Amino acid sequence: IIVTFPQAYHCGFSYGFNCGEAVNFATSDWINHGAASVHAYRLKFKKEVFSFDRLMFTLTYHLDELALETCIQLGAQLEALAADEWSYRGLLIKSGVQ
């Protein structure tokens with residue numbers, strides 16, 4: 001078993017034929033760590049491994065399955081995503097994009 005904590009990294013390599021399996025999961029406080037990771041990636045102009053924004057939107061389909069704390073964190077993250085979107089759209093308009 002490998003447990004990877006937030007802001008940590010692990011990797012593996014294969015030498016020859018093998019078969020492996022991985023199961024990924026996250027606790028409810030992962031949303032905040034994921035948002036911080038996305039922010040750090042964007043500062044370095046690095047592409048995300050998967051769409052964090054899409055994951056946040058997908059979680060809204062499962063609100064009845066989420067703990068209250070997770071829903072609160074999700075709501076805060078969705079508000080931040082909306083604020084970013086409005087900000088970026090404003091910058092595009094100011095730059096002359098129509």
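Note: the structure precedes this text.
J.: In this structure, what is going on with the overall build of the chain? I would like to understand it.
T.: Secondary structure summary: the chain contains 3 helices and 0 strands in total. Relative to its length of 98 residues, the chain is extended, with a C-alpha radius of gyration of 17 Å against a globular reference of 13 Å. Dimensions along the principal axes, computed over C-alpha positions, put the chain at roughly 55 × 35 × 20 Å. Counting all 98 residues of the chain, 12% fall into the buried class. Considering only contacts in the chain between residues 6 or more positions apart, those separated by 24 or more positions represent 43%. Just so you have it, the chain exposes about 8900 Å², and 61% of that area is on carbon and sulfur atoms. Taking the 7 positively charged and 10 negatively charged side chains of the chain as two groups, their mean positions are separated by 14 Å.

J.: Explanation requested: helix H2 (residues 52-59) in the structure shown.
T.: The periodicity of an α-helix, 3.6 residues per turn, causes residues three or four positions apart to be oriented the same way. Taken together, the buried positions of H2 are occupied by Phe52, Met56 and Leu59. Seen along its axis, H2 keeps its buried residues to an arc of 65°; they face one direction.

J.: Even after reading the chapter, I still don't get the side chain of Thr70, so can you show me in this structure?
T.: Here Thr70 is to be found in helix H3 (residues 68-94). Judged by relative accessible area, which is 9%, Thr70 ranks as buried. Not counting residues up to four positions away in its chain, the partners in contact with Thr70 are Ser28 and Ile31.

J.: Sorry, what's going on with the pattern of salt bridges here?
T.: Opposite charge on two side chains allows them to pair when their charged atoms are near. Summed over all chains, the structure comprises 3 salt bridges. Here Arg42 makes a salt bridge to Glu48, at a shortest N to O gap of 3.4 Å. Accessibility expressed as a relative area gives 21% for Glu48, which makes it partly exposed. For Asp53, the salt bridge identified is with Arg42, shortest N-O distance 3.5 Å. Taken together, the residues span a long stretch of sequence, with Asp53 in helix H2 and Arg42 in helix H1 (residues 30-43) at a distance of 11 residues. On the accessibility criterion, Asp53 (22% relative accessible area) is partly exposed. Ionic contacts of the salt-bridge type, sharing partners, join the residues Arg42, Glu48 and Asp53 into one network.

J.: What should I look at first to understand the packing of aromatic side chains in this one?
T.: When we look at a pair of aromatic rings, we describe it by the centre distance and by the angle of the planes. Following the criterion strictly, the structure yields 2 aromatic pairs and no others. Ring geometry for Trp30 and Phe50: centres 6.4 Å apart, planes at 20°, overall stacked. Highlighted residues: Trp30 in helix H1 and Phe50 in the loop between H1 and H2, separated in sequence by 20 residues. With relative accessibility at 28%, the residue Trp30 sits in the partly exposed group. Its relative accessible area of 44% is what places Phe50 among the partly exposed residues. Consider the rings of Trp30 and Phe52, whose centres lie 5.8 Å apart with planes at 50°: the pair is tilted. Placement of the pair is Trp30 in helix H1 and Phe52 in helix H2, with a sequence separation of 22 residues. An aromatic cluster is built from Trp30, Phe50 and Phe52, whose rings are joined through pairwise contacts. The side chain of Lys46 reaches across the aromatic face of Tyr41, ending 4.7 Å from its centre. Sitting above the plane of the Trp86 ring, Arg89 keeps its charged end 5.9 Å from the centroid.

Conventions adopted
In this convention, every chain numbers its residues from 1, walking through the sequence in written order. Where totals are concerned, whole chains, interfaces and linings use all residues; where local detail is concerned, this predicted model gives features only for residues with pLDDT of at least 70, and gives and counts side-chain atom pairs only at 80 or more. Computation of side-chain values: all heavy atoms of the structure, hydrogens and water removed. For the purposes of this entry, the term helix denotes a DSSP run of H or I that reaches at least four residues, the term strand denotes a run of E that reaches at least two, and both are numbered from the N terminus. In this treatment the radius of gyration is a C-alpha quantity, and the globule benchmark scales as 2.2 Å times the residue count to the 0.38 power. We call a residue buried when its accessible area falls under 20% of the maximum for its residue type, exposed when it is over 50%, and partly exposed in between, using a 1.4 Å probe and counting protein chains only. The contact criterion used is simple: two residues touch if any of their non-hydrogen atoms lie within 4.5 Å. The accessible surface values rely on the Shrake-Rupley method and a 1.4 Å probe; as for residues, cover is taken only from the protein chains in view. Positive charges are assigned to Lys and Arg, negative charges to Asp and Glu, while His and the chain termini are left out of the count. Where a charge sits is defined by one atom per residue type, namely NZ (Lys), CZ (Arg), CG (Asp) or CD (Glu). The directions considered for the arc run from the helix axis to the C-beta atoms. By definition, a salt bridge exists where a carboxyl oxygen of Asp or Glu is found within 4 Å of a side-chain nitrogen of Lys or Arg. Classification of ring pairs uses Phe, Tyr and Trp, with its six-membered ring standing for Trp, and accepts pairs whose centres are within 6.5 Å; under 30 degrees between planes counts as stacked, over 60 as edge-to-face, and the remaining range as tilted. Whether a charge sits over a ring comes down to the Lys NZ or Arg CZ being within 6 Å of the ring centre and within 35 degrees of the ring normal.

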